[in-house]
Amino acid sequence: MQILKILFKNAFRHKLRTGLTILSITIALLAFGLLRTVVNAWYAGVEASSAYRLVTRNAVSIIFSLPLSYKDRIRQVEGVSEVSWGNWFGGIYIDEKNFFANFAVDAKTYFDLYREYAIPDDQKIAFFRDRKGFVAGRKLARRFGWKIGDTIVLKGTIYPGNWEFVLRGIYRGREPNADETVFMFHWDYLNESLKKTAPTRADQVGFYMIGIQDPARAISVSGNIDGLFKNSFAETITETEKAFTLGFVAMSDTIITAIELVSFVVIIIILAVVANTVGMSVRERTNEYAVFKTLGFGGWRIAGLILGESIVITMMGCAVGIAATFPAATAFAAAMGAYFPVFKVEPATIWLDIVFSLSVGILAAIIPVYRTLKVKIADGLRMIE
Amino acid sequence: MDSGIIVSINGLNKSYHRGDQTIPVLNDISFDIAEGEFLALMGPSGSGKSTLLNLIAGIDQPDSGSIIIGGVDVTTLSETELAGWRALNVGFIFQFYNLIPVLTAFENVELPLILTPLSRAERKAHVEMALKVVGLADRMDHYPGQLSGGQEQRVAIARAIVTDPTILVADEPTGDLDRISAEEIMDLMDRLNQESKKTIIMVTHDPRAARKAHVIRHLDKGILTNADSQNTL
Ligand SMILES: Nc1ncnc2c1ncn2[C@@H]1O[C@H](COP(=O)(O)OP(=O)(O)O)[C@@H](O)[C@H]1O
Ligand SMILES: [Mg+2]
């Protein structure tokens, strides 16, 4: 028999008390893990953005557009390797609840720029050939059960009318953070239709996506692009894709701070719960620790017994909590549908779970250890339960 | 009886403090204990018997005086040194057995051996031997809650002797037992003293328990009243 066995036996002496403590750690870590995963999912688009891409938009607001003619001038800026463009279409599929991102993009340049989206060659060719064709992310297609060749109708909001599209390709993310829920169709299709129905809105681009040769020169390239259109009818703002994406997300900074705060409050609460459990158990056993001391167990061993017990309890809660986080996250993601294109428990979350639990285990034991070591053997022996 | 002196106590004083009050508990105690002696410390409740025993066992410190055991003055040892010294030299038997309830009889007896460099197999052999001496070889896997009071105390005695300590100290070892069990425990202690030549220092206020002792010393209000009484009970 070793010390380890003793502290395990001690930890489970009051099965209900220890069980409830483990349960509260489990629930706390589950809440922490899910909250963190939500925050990560929120920022997933930022993480996925490439340092090799810039985005140019109208300086007044993203809802104003830019002339298509800018593309040739941007292409000539030194350091620019590729220019693509697109518009936020904002179409609704059957019902508003079925929300997903849908864009009109300049297909040929777009897929050169977004190489993280992988489409089988034959599908890509089919898409390029079909003016009404569209490409969907794997998750999106799976969500609605779309198959290649299916005709899909989107109800336009920004661009009125019912728009018909045919699924020609399904793309897959090459990187884990890639968004597999996007709907993309030919910008030319949108533009030609507008030429007929609303000519003033034709040849207008929502945003330019720009490939650059050297991320280190992103700022000077951005400045040069914006300089081209200074004092023109439509001035531009060019920034890195990351900054652009962050601009959408950062609106909810306060919410994210609140979520993070709640996570830490949860940690404090489990510290209180574990400290209470360990403190109570150790105090009840004051007499036993006096016996251990009488037998010659030194301060370090006594401290080890108490600390070990505290850590055993917290790490059990930690293990169960981590094990529960994955299925909970899967269920949560399923329930949230398309709101979070990427919803995954990150390794960092698991490491934080472990670090927090270990810290709680250690902190919770400090006072009981101190109190137990302070008790004189003769006094401890007098304390018969 | 052996003639060598194993414990030598000189001018021992001990008092407790309660608030600004000082309560003298032991007053200038001096006596020797011979190797192999079976000593009974008697006296009314509160006379300082447990305090004296605790000092001898090295779990408390006196205000002044010396306690030399096997050539070592234990009053000069630091707390850490004392812990190591106790592990090697003292077997302690308590009134309420003080077994660890979540450990089996075997594990309870093994407890003090964890502190030794003995291998698992050696520990096992020692524990089985000790449990055999107290007649509980067949109860090794029982938990304290599954044993009678007398059996618990025998497990506690096995735990006290398993390290083969220099002295055995017992504080009212029969105080919580019925007469039959108490007699069994006293027979066992007597046997340990006779056959294994263990030096035993036992606190009791039960004259029947003291009958097995060779020497009886009386404490009254912290003073040793009969310095050298041979057992006449
Ligand atoms: N830790 C302590 N603090 C204060 N007084 C104590 C303490 N321990 C013992 N005493 C007092 O010392 C006296 C002797 O106690 P003790 O040695 O336990 O006596 P006995 O074992 O003979 O009954 C008693 O009056 C007791 O109240
Ligand atoms: Mg007493």
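Residues numbered from 1 in each chain as written. Chains lettered and ligands numbered in written order. Predicted model: local features only at pLDDT ≥ 70, side-chain atom pairs only at ≥ 80, totals over all residues. Heavy atoms only, no water.

Chemist: Describe in detail the domain arrangement of chain A, supporting the description with residues and values.
Modeler: Residues and elements named next belong to chain A. Parsing chain A into structural domains produces domain 1 (2-44 + 252-382) and domain 2 (60-234). The centre of domain 1, based on its C-alpha atoms, is set 48 Å off from the matching centre of domain 2. Taken together, the 5 residues of domain 1 in the interface contact 8 residues of domain 2. Each partner contributes to the roughly 590 Å² buried at the junction of domain 1 and domain 2, and carbon and sulfur atoms together form 51% of this total. Counting across the interface, domain 1 meets domain 2 through 0 residue pairs in polar contact (both at pLDDT 80 or more). Class assignment of the residues belonging to the side of domain 1 that touches domain 2 gives a composition of 4 nonpolar, no polar and 1 charged. (Domains from an automatic or database assignment. Contact = heavy atoms within 4.5 Å. Buried area = accessible area lost by both parts, 1.4 Å probe. Polar contact = N/O pair within 3.5 Å; in protein donor to acceptor, adjacent residues only side chain to side chain. Nonpolar A, V, L, I, M, F, W, Y, C, P; charged D, E, K, R; others polar.)

Chemist: Residue-level account of the packing of aromatic side chains, with values.
Modeler: Two numbers describe a pair of aromatic rings. These are the distance of the centres and the angle of the planes. Residue and element names in this part refer to chain A. In this structure the tally under the stated criterion is 37 aromatic pairs over all chains. Ring geometry for Tyr93 and Phe144: centres 4.9 Å apart, planes at 70°, overall edge-to-face. Of the two residues, Tyr93 is situated in the loop between β3 (80-88) and β4 (102-105) and Phe144 in helix α7 (residues 138-144); the sequence distance between them amounts to 51 residues. Judged by relative accessible area, which is 13%, Tyr93 ranks as buried. The ring of Tyr114 has Arg53 lying over it, and the distance from NZ or CZ to the ring centre is 3.7 Å. Sitting above the plane of the Phe128 ring, Lys108 keeps its charged end 5.2 Å from the centroid. (Phe/Tyr/Trp six-rings, centres within 6.5 Å; stacked < 30°, edge-to-face > 60°. Helix = DSSP H or I, 4+ residues; strand = E, 2+ residues; numbered from the N terminus. Buried < 20%, exposed > 50% of the residue type's maximum accessible area, 1.4 Å probe, protein only. Lys NZ or Arg CZ within 6 Å of the ring centre and 35° of its normal.)

Chemist: I'd like a description of the confidence of the model for chain B, backed by residues and values.
Modeler: One rule of thumb: low pLDDT means the predicted coordinates there are not for detailed reading. On average, residues of chain B score 92 in pLDDT, and 96% of them are at 70 or above. Across the whole predicted complex the pTM is 0.77, and at the interface the ipTM reaches 0.93. (pLDDT = per-residue confidence, 0-100.)

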